[in-house]
Amino acid sequence: MKKEFKNLNLFLRSHGKTDFYLDYGLNKSFSEEDCEKVVSFLDQNTAASNHVEKSRGAILEINSGGIDLIIRKYHRGGLISKFNSNLHFLKSYYYVRPVLEFKALNKMLSAGLKVPRPRGFIFRDHMFFYESAIILDKIDNTIPLQNLSADVGFNLFKCAEQAGHVAKLALKQGICHTDLHPANVLINKDGVYLIDFDKPIFFKSGIEFHQNNMISRWRRFVDKYGLGDDLLFGFEKGIRSN
């Protein structure tokens, strides 16, 4: 096991050149067939086809031992994705994308925030590069905030305000979501969930700086896709709340 992964309390399994780091409960149910499905998924040179998929990465849904899981592959964006969609530069194992997201999600869950539960991650070492995916519990019966419509009874302002409030609670935990927008917010009967904490920023001071950056990112997305003032002003009210 890579030195930096040891303190994550994960069980290591290998399947060919692919390493699976799983929590102990999931390891008991994760079968060889599950491993085969995931390896096949990683081998696909998939690129997300629209802005919602791009925000969430390429996704595989599986059921392992009665547990509904999401496997989300990390991909590159921008022009470079035309030539290399999955490989990332390996600076340090401590800073690989699934490890950062895994730690951020666990910290927020411990504080009672509504985010997906991480179950582990998948890692392939390619000398100076790596490819990876994260394993998460699926959140049932959700609708992305971006897809909500006031015409069917949703209070868009209130939903956006709740998303902003959860974002503020994450900031109080010293975690900044660097790409939060309405496609990364899921709504169900239990409340509002923030997802896709890829490349989070961990900080000890400067909460207002990160708060303003998150509002700016949210505004750019809302304006780009014409989602309306309710989503914009509701989020700003929530993230600026006490």
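1. Considering the pairing of strand E6 (residues 118-126)
Counting buried positions along E6 yields seven of nine residues, so the element is predominantly enclosed. Where strand E2 (residues 18-22) meets E6, four bridges bridge the pair, whose relative direction is antiparallel. Bridging from a neighbouring strand, Leu22 pairs with Gly120 of E6. Bridging between E6 and strand E7 (residues 129-137) involves eight bridges; their strand directions are antiparallel. Looking across to E7, one finds that His126 is bridged to Phe129. Taken together, E6 and the strand that follows it, E7, pair antiparallel across an intervening segment of two residues, in which Met127 is found at a positive phi of about 60 degrees.

2. Things to note about the pattern of salt bridges
Under the criterion given, the structure shown has 16 salt bridges. Between Asp23 and Arg117 there is a salt bridge, and its shortest N-O distance comes to 3.7 Å. Taken together, the residues Asp23 in the loop between E2 and helix H1 (24-29) and Arg117 in the loop between helix H4 (97-110) and E6 connect sequence positions 94 residues apart. Classification of Asp23 by relative accessible area gives buried; the value is 12%. For Arg117, a relative accessible area of 39% translates into the label partly exposed. The salt bridge partner of Arg119 is Asp23, with a shortest N-O separation of 3.5 Å. Remark: Asp23 occurs in the loop between E2 and H1 and Arg119 occurs in strand E6; sequence separation between them is 96 residues.

3. Quick notes on helix H6 (residues 207-224)
Three- or four-residue spacings in an α-helix give side chains the same orientation, since the helix completes a turn every 3.6 residues. Between its first and last C-alpha atoms H6 spans 26 Å; for 18 residues at 1.5 Å apiece the expected length is 26 Å, and the two agree. The complete set of buried residues in H6 reads His210, Gln211, Met214, Ile215, Arg217, Trp218, Phe221 and Val222. Buried residues along H6 cover an arc of 165 degrees about the axis, so they all sit on one side. When the buried face of H6 is taken as reference, the exposed residues oriented beyond 90 degrees from it are Glu208, Phe209, Arg220, Asp223 and Lys224.

4. Quick word on the nonpolar core
Across soluble globular proteins, you tend to see nonpolar side chains buried next to one another. By size, the foremost hydrophobic cluster in this structure holds 38 residues, and its most contacted members are Met108, Val185, Leu194, Trp218 and Phe235. Those elements that place two or more of their residues in this core are H4, E7, helix H5 (156-172), strand E9 (175-176), strand E10 (185-188), strand E11 (191-194), H6 and helix H7 (229-239). Top contributing element to this core by residue count: H5, with eight residues. Each residue touching Trp218, except ones within four places of it in the same chain, is listed here: Leu145, Ala160, Ala163, Leu180, His181, Pro182, Val185, Leu231, Leu232 and Phe235.

5. Focus on the packing of aromatic side chains
Taken as a whole, this structure holds 14 aromatic pairs when the rule is applied. Judged by centre distance (5.2 Å) and plane angle (80 degrees), the ring pair of Phe5 and Phe121 falls under edge-to-face. Here Phe121 lies in strand E6 and Phe5 lies in the segment before strand E1 (11-15), a separation of 116 residues in the sequence. In this pair, the class of Phe5 matches that of Phe121, namely buried.

6. With respect to the packing of H5 against H6
Between H5 and H6, whose axes approach to 11 Å, the crossing angle comes to 150 degrees. Handedness of the H5/H6 crossing: right-handed. Contacts between H5 and H6 involve Ala160, Ala163, Ala167, Lys168, Leu171 and Lys172 from the first element and Ile207, His210, Gln211, Met214 and Trp218 from the second. Of the residues in the contact of H5 with H6, the class split is seven nonpolar, two polar and two charged.

7. Some details on the pairing of E7
Of all nine residues making up E7, eight are buried, and the element is well covered by its neighbours. Sheet analysis places strand E4 (residues 67-73) next to E7, joined by five bridges and oriented antiparallel. The residue bridging Ile70 from the neighbouring strand is Leu136, located in E7. Sheet analysis places strand E5 (residues 88-89) next to E7, joined by two bridges and oriented antiparallel. Bridge assignment links His88 to a residue of E7, and that residue is Tyr130.

Parameters and conventions
- Residues numbered from 1 in each chain as written.
- Predicted model: local features only at pLDDT ≥ 70, side-chain atom pairs only at ≥ 80, totals over all residues.
- Heavy atoms only, no water.
- Buried < 20%, exposed > 50% of the residue type's maximum accessible area, 1.4 Å probe, protein only.
- Helix = DSSP H or I, 4+ residues; strand = E, 2+ residues; numbered from the N terminus.
- Pairing = 2+ DSSP bridges.
- Salt bridge = Lys/Arg side-chain N within 4 Å of Asp/Glu carboxyl O.
- Expected span 1.5 Å × (residues − 1).
- Arc of directions from axis to C-beta.
- Core = buried A, V, L, I, M, F, W, Y, C linked by side-chain atoms within 4.5 Å.
- Contact = heavy atoms within 4.5 Å.
- Phe/Tyr/Trp six-rings, centres within 6.5 Å; stacked < 30°, edge-to-face > 60°.
- Axes fitted to C-alpha atoms, helices over the stretch in contact; angles between N-to-C directions.
- Left-handed = near helix turned anticlockwise from the far one by under 90°.
- Nonpolar A, V, L, I, M, F, W, Y, C, P; charged D, E, K, R; others polar.

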